[in-house]
Amino acid sequence: MKHIISILMENESGALSRVAGLFSARGYNIESLTVAPTEDPSLSRMTLVTSGSEEIIEQITKQLNKLIDVVKLVDLAESFHIERELMMVKIKTTIENRDEIRSMANIFRGKIIDVTPSTYIIEMTGPSEKLDAFIAAIDPDSIIEAVRSGATGISRGEKGLHL
């Protein structure tokens, strides 16, 4: 099962490498990882996506909590949350398929952010499943490249990850 672990940590050099090292040393896989400063410049929020059994996830969270840089963490899979991912995809276009590609982007609520005579770059946000569905709906031979941020998430309601 996929888990999104949101970690509040000290905004110091080396913190990211310590988290990655913890996963590497134990043979756990990180599916995606995003890190950015929070509203408090001394703290960063790391969003880490991994998968595994409940026992493995419990072990991961225990090990993460032992790291000195980690202030607080939450497994978003344990509560109601909102999850989003950003994708940019560069698609080869022709005069014949430009309208179809534009229509497909609109159906998936994507935004064309760059246009050349032979390509579109489409920006799209949403749950990972939505982005997967868009990629599946496009002719694979027309996709030049796709860049995805990995999932990030936030708890619903008044509960939040803060001090």
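A brief report on the enclosed structure follows. (Residues numbered from 1 in each chain as written. Predicted model: local features only at pLDDT ≥ 70, side-chain atom pairs only at ≥ 80, totals over all residues. Heavy atoms only, no water.)

1. Regarding helix 4 (residues 128–137)
Every α-helical turn comprises 3.6 residues, leaving residues that sit three or four positions apart pointing alike. All of the buried residues in helix 4 are Ser128, Leu131 and Phe134. The buried residues of helix 4 occupy an angular sector of 125 degrees when projected down its axis, which confines them to one face. For helix 4, the exposed residues set more than 90 degrees away from the buried face come down to Glu129 and Ala136. Where the residues of helix 4 are buried, they touch strand 1 (2–10), strand 5 (81–92), helix 3 (98–107), strand 7 (119–126) and strand 8 (143–148). (Buried < 20%, exposed > 50% of the residue type's maximum accessible area, 1.4 Å probe, protein only. Helix = DSSP H or I, 4+ residues; strand = E, 2+ residues; numbered from the N terminus. Arc of directions from axis to C-beta. Contact = heavy atoms within 4.5 Å.)

2. Points about the pattern of salt bridges
The full count for this structure, using the stated rule, is seven salt bridges. Here Glu58 makes a salt bridge to Lys62, at a shortest N to O gap of 3.2 Å. With a gap of four residues between them, Glu58 and Lys62 both fall in helix 2 (residues 54–66), about one helical turn apart. The class for Lys62 is partly exposed, based on a relative accessible area of 45%. Among the ionic pairs, Asp132 bridges to Arg148, the shortest N-O distance being 2.8 Å. Here the residue Asp132 occupies a position in helix 4, and Arg148 occupies one in strand 8, the gap between them amounting to 16 residues. A cluster of three or more residues bridged by salt bridges with shared partners is formed by Glu85, Asp132 and Arg148. (Salt bridge = Lys/Arg side-chain N within 4 Å of Asp/Glu carboxyl O.)

3. Concerning the packing of aromatic side chains
Remark: the centre distance and the inter-plane angle together describe each pair of aromatic rings, the angle taken between the planes. This structure, assessed with the given rule, holds two aromatic pairs. Ring centres of Phe23 and Tyr28 lie 6.1 Å apart, and the angle between their planes is 75 degrees; this geometry places the pair in the edge-to-face category. A ring pair is formed by Phe108 and Phe134, whose centres lie 5.3 Å apart and whose planes are at 75 degrees; its orientation type is edge-to-face. On the criterion of sequence distance, the pair formed by Phe108 in the loop between helix 3 and strand 6 (111–115) and Phe134 in helix 4 is long-range, its members being 26 residues apart. Each member of the pair, Phe108 as well as Phe134, carries the same accessibility label: buried. (Phe/Tyr/Trp six-rings, centres within 6.5 Å; stacked < 30°, edge-to-face > 60°.)

4. Brief notes about helix 1 (residues 15–26)
The first and last C-alpha atoms of helix 1 sit 17 Å apart over 12 residues, in line with the 16 Å expected at 1.5 Å per residue. Elements that come into contact with the buried residues of helix 1 comprise strand 1, strand 3 (43–51) and helix 2. A positive backbone phi angle near 75 degrees is found at Gly27, which sits one or two residues after helix 1. (Expected span 1.5 Å × (residues − 1).)

5. Overview of the pairing of strand 5
Where strand 5 and strand 9 (residues 152–155) come together, four bridges link them in antiparallel fashion. Counterpart to Arg84 in the pairing with strand 9 is Thr152. As paired strands, strand 5 and strand 8 are joined by five bridges and run antiparallel to one another. Bridging across to strand 8, Met88 finds its partner in Val147. (Pairing = 2+ DSSP bridges.)

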